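Listed below are the residues making up each chain.
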Amino acid sequence: MGSYVARRLLIAIPTLLVISFVIFAILALAPGDPLAQFAANPNVPAEVRARIRESFGLNQPWPIRYVKWMTSVVTEGNFGYSFASRVPVTNLIWQRIPQTLWVVGVAYVVAVLIAIPVGILSAVKQYSIFDQITTTLAFMGFSVPTFFTGLLLILTFSVKLNWFPLVYDTNLRVTDLASFSRQIRQMAMPVTVLALFEAATITRFMRASMLDNLPLDYTRTARAKGLSEQKVIIRHVLANSLIPVVTLIALGIPTIFAGAIVTEQIFRVNGLGELLVRSIQNSDTPVVMALTFIFAVLVVFFNLVADVLYGILDPRIRYS
């Protein structure tokens, strides 16, 4: 196991270098000037614009800028400075992570906690009323776009009933029970929108995987040994059915970092998704580069986590 993990980590290094190089090249060669706001301002002299461009290193060829950027990331963990706000990109990301984790992270955890037991029961009680209801809700969950569900919840629970706040307050700090209650109320609608979508997808995968394993020989053998139906489902069928679901869940975790772009825009959540959209609109390439590269690192890492979990769930898998 140790040698397998070490080998995968070594393979990940050139993979991430290629990914970062391609992303950097695309952003550097894309049309548009990151400092166009200064060029359009007649109060900024040409000499000042040139010095600003030089301070950001934009007067150098992009391959040289890439080497300097990667060296800074590896040695110092520094992603550079934002063209728009003139602050370190790392600071911007750390400022947005709490909002994203409160909303997108909690929604993902809620979705997984709902989807796995519902998917198991739906498969065990196939074609029952419970299965019909959950299947219908699952189809609705991933068929209806999140922006429609979000607007529907806003009109119903915020505008009509006035149960939840219309806009997410990113300045709210949880210091006591009252502030925690306000945080829960403002999280309710965006978390519900995201959890419904994620739970619908995972539920369908869980149900399909269980149905694939229920009629197999090892399940019949376990029943023939006299084991109770509960032990057969939990000890034998569930362990094998979780293997493909673990992949789906593990690969979905990096999307938490990317934020929920549409949902954050609807509920005015000041998270990483909103930061990415605003940075793309402003041609703030250091921020876009940092967010996409960190997302790539997380995807590679959680692919490795999923492969390791395979061996834990299925002892027949050998790492050689």
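Residues numbered from 1 in each chain as written. Predicted model: local features only at pLDDT ≥ 70, side-chain atom pairs only at ≥ 80, totals over all residues. Heavy atoms only, no water.

(A) Looking closely at the packing of aromatic side chains. Overall, the coordinates contain nine aromatic pairs when judged by the stated rule. Between Trp 69 and Phe 79, the ring centres sit 6.1 Å apart and the planes meet at 55°, which makes this aromatic pair tilted. Within this pair, whereas Trp 69 is found in helix H4 (residues 62-76), its partner Phe 79 is found in the loop between H4 and helix H5 (89-124), the two being separated by ten residues in sequence. An identical accessibility class is assigned to Trp 69 and Phe 79; each is buried. Members of the aromatic cluster, connected to one another through ring pairs, are Phe 21, Phe 24, Trp 62, Tyr 66, Trp 69, Phe 79 and Phe 293. (Phe/Tyr/Trp six-rings, centres within 6.5 Å; stacked < 30°, edge-to-face > 60°. Helix = DSSP H or I, 4+ residues; strand = E, 2+ residues; numbered from the N terminus. Buried < 20%, exposed > 50% of the residue type's maximum accessible area, 1.4 Å probe, protein only.)

(B) Quick look at unusual backbone geometry. Even without glycine at this site, Tyr 127 takes up a positive phi of about 70°. Of note, Ser 283 is a non-glycine position whose phi angle comes to about 55°, a positive value. With respect to the secondary-structure elements, Ser 283 resides in the loop between helix H12 (272-281) and helix H13 (285-313). You can call Ser 283 partly exposed: its relative accessible area is 25%.

(C) A look at the side chain of Thr 135. With respect to the element layout, Thr 135 can be found in helix H6 (residues 129-143). Given a relative accessible area of 15%, Thr 135 falls into the buried group. Dropping the residues within four chain positions of it, Thr 135 is found in contact with Ser 122, Arg 204 and Arg 207. (Contact = heavy atoms within 4.5 Å.)

(D) Representation of the environment of Leu 121 within the structure. Looking at the element boundaries, Leu 121 is found in helix H5. Along the sequence, Leu 121 and Arg 207 sit 86 residues apart, while their C-alpha atoms lie 8.1 Å from each other.

(E) Quick peek at the pattern of salt bridges. Scanning the entire structure with this criterion turns up five salt bridges. Of the charged contacts, one joins Arg 96 and Glu 274 as a salt bridge, the two residues approaching to 2.7 Å between their closest N and O atoms. A residue pair is termed long-range when its members are at least 10 positions apart, and Arg 96 in helix H5 and Glu 274 in helix H12 qualify at 178 residues. Note on Arg 96: relative accessible area 7%, which makes it buried. Classification of Glu 274 as buried rests on a relative accessible area of 18%. Taken together, the shared-partner salt bridges connect Arg 96, Glu 274 and Arg 278 into one network. (Salt bridge = Lys/Arg side-chain N within 4 Å of Asp/Glu carboxyl O.)

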